[in-house]
Amino acid sequence: MIDLTPIINSVIALAAALIAYYVIPWLRRHTTEKEREELLRWVNIAVKAAEQVQKQTDGPGRKSYVQSFLQSKGFDINDAAVDAAIEAAVLEMNQVIKGQK
């Protein structure tokens, strides 16, 4: 049996690096600091809530829950920055759960 753990860890590290290198600077250029803080705060709340409330739901179902929650808070869920913030929050949460952070 082949152990895929190192490959999966490498993919997660690469995704985190890409988010840090491309997404965060783009987000900073297109929003004010206060808007970013508010967006990231609500995204983190929504992602954690989806993890807790939607335990039986798959990834796309949880993302839909997060998007609906953010839309109810007035965010444009079709914005690339919102999508990137969701993915970054999920990645961070998964790293915490796996004890990598």
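Residues numbered from 1 in each chain as written. Predicted model: local features only at pLDDT ≥ 70, side-chain atom pairs only at ≥ 80, totals over all residues. Heavy atoms only, no water.

Peer 1: Where do I start with the pattern of salt bridges in this structure?
Peer 2: Pairing is possible between side chains of opposite charge, provided their charged atoms come close. Across all of its chains, the model carries three salt bridges by this definition. With a shortest N-O distance of 2.5 Å, Asp83 and Lys63 are connected by a salt bridge. Taken as a pair, Asp83 in helix H4 (residues 80–97) and Lys63 in helix H3 (residues 59–72) lie far apart in primary sequence, 20 residues in all. By relative accessible area, which is 30% here, Asp83 ends up partly exposed. For Lys63, a relative accessible area of 25% puts it in the partly exposed group. Several salt bridges converge on common partners, so that one network encompasses Lys63, Asp83 and Glu87. (Salt bridge = Lys/Arg side-chain N within 4 Å of Asp/Glu carboxyl O. Helix = DSSP H or I, 4+ residues; strand = E, 2+ residues; numbered from the N terminus. Buried < 20%, exposed > 50% of the residue type's maximum accessible area, 1.4 Å probe, protein only.)

Peer 1: I would appreciate a short explanation of helix H2 (residues 33–53) in the present structure.
Peer 2: Spacing of three or four residues puts side chains on the same side of an α-helix, whose turn is 3.6 residues. When the terminal C-alpha atoms of H2 are compared, their 30 Å separation across 21 residues agrees well with the 30 Å that a helix rising 1.5 Å per residue should span. Of all the positions in H2, only Arg36, Leu39, Trp42, Val43, Ala46, Val47 and Ala50 are classed as buried. Down the axis of H2, the buried side of the element spans an arc of 140 degrees, and every buried residue falls inside it. What points out from H2, more than 90 degrees from its buried face, is the exposed set Glu33, Lys34, Lys48 and Gln52. (Expected span 1.5 Å × (residues − 1). Arc of directions from axis to C-beta.)

Peer 1: Just checking my understanding: could you explain the nonpolar core for this structure?
Peer 2: The nonpolar side chains of soluble globular proteins are, as a tendency, buried together. Core analysis: the largest hydrophobic core is formed by 14 residues, its most contacted members being Leu39, Val43, Val47, Val66, Leu70 and Ile86. Mapped onto this core, the elements with two or more residues apiece are H2, H3 and H4. Ranked by residue count, the leading element in this core is H2, at six residues. (Core = buried A, V, L, I, M, F, W, Y, C linked by side-chain atoms within 4.5 Å.)

Peer 1: What should I look at first to understand the packing of H3 against H4 in this one?
Peer 2: Two packed helices can be described by the angle between their axes and the distance between those axes. Between H3 and H4, the shortest axis-to-axis distance is 11 Å and the interhelical angle comes to 130 degrees. Put simply, H3 runs oblique to H4. Judged by the twist between their axes, the crossing of H3 over H4 is right-handed. The segment H3 lies against H4, with Lys63, Val66, Gln67 and Leu70 engaging Val82, Asp83, Ile86 and Glu87. Among the residues making up the contact of H3 with H4, the classes are represented as four nonpolar, one polar and three charged. (Axes fitted to C-alpha atoms, helices over the stretch in contact; angles between N-to-C directions. Parallel < 35°, antiparallel > 145°, perpendicular 65-115°, else oblique. Left-handed = near helix turned anticlockwise from the far one by under 90°. Contact = heavy atoms within 4.5 Å. Nonpolar A, V, L, I, M, F, W, Y, C, P; charged D, E, K, R; others polar.)

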